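Topology and contacts: notes
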Amino acid sequence: QVQLVESGGGLVQTWGSLKLSCAASGVTFSNIAMGWFRQAPGKEREFVAAINWNGGSTQYADSVKGRFTISRDNAKNTVTLQINSLKPEDTAVYYCAGARHGRNAYNDPHEYFYWGQGTHVTVSS
């Protein structure tokens with residue numbers, strides 16, 4: 001049984017930082033791409049960042065470029081999203097996602113088969 005468990009969310013002030021982590025189990029983690037998505041209240045889920053199977057390629061949404069950094073540790077089956085310079089519009093539930101077979105850094109949520117339960121990030125102004 002595949003599990004993705006996010007952690008690290010919380011309440012932070014504008015311009016603050018958080019580090020989100022996602023621990024994977026039940027899957028050959030080093031073979032698959034991983035991504036982060038978010039869903040703000042009243043909005044659709046949107047792509048945030050993705051990383052390919054070996055960490056050699058990443059992709060970011062324009063709204064987070066230069067502020068967010070995705071990384072992975074295949075030895076520990078974890079993917080991390082470092083988020084800096086937070087803005088109130090970054091407030092959302094952040095979801096970790098794993099591709100079923102694919103290895104590339106996809107920005108399309110349909111490429112991902114495994115999803116975590118999400119972790120809340122709230123940025124106060």
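Located above this text is the structure these notes cover.
Described below are features of the structure shown in this document. (Residues numbered from 1 in each chain as written. Predicted model: local features only at pLDDT ≥ 70, side-chain atom pairs only at ≥ 80, totals over all residues. Heavy atoms only, no water.)

Some thoughts on the state of the cysteines
One covalent bond between the sulfur atoms of two cysteine residues makes up a disulfide. In this structure the tally under the stated criterion is one disulfide. Across a sulfur-sulfur distance of 2.1 Å, Cys22 and Cys96 are joined as a disulfide pair. Negative torsions about the S-S bond denote left-handed disulfides, and the value of about -75 degrees found for Cys22 with Cys96 makes this one left-handed. Highlighted residues: Cys22 in strand 3 (residues 18-25) and Cys96 in strand 9 (residues 92-99), separated in sequence by 74 residues. Residue classification places Cys22 among the buried positions, given a relative accessible area of 1%. A relative accessible area of 0% means that Cys96 is categorised as buried. (Disulfide = S-S within 2.5 Å. Helix = DSSP H or I, 4+ residues; strand = E, 2+ residues; numbered from the N terminus. Buried < 20%, exposed > 50% of the residue type's maximum accessible area, 1.4 Å probe, protein only.)

Considering the environment of Asp62
Looking at the secondary structure, you find Asp62 in the loop between strand 6 (58-60) and strand 7 (68-73). When the C-alpha atoms of Asp62 and Val123 are compared, they prove to be 19 Å apart, with 61 residues separating the residues in sequence. Only 3.1 Å separates the side chain of Asp62 from the side chain of Lys65, close enough to count as a polar contact. (Polar contact = N/O pair within 3.5 Å; in protein donor to acceptor, adjacent residues only side chain to side chain.)

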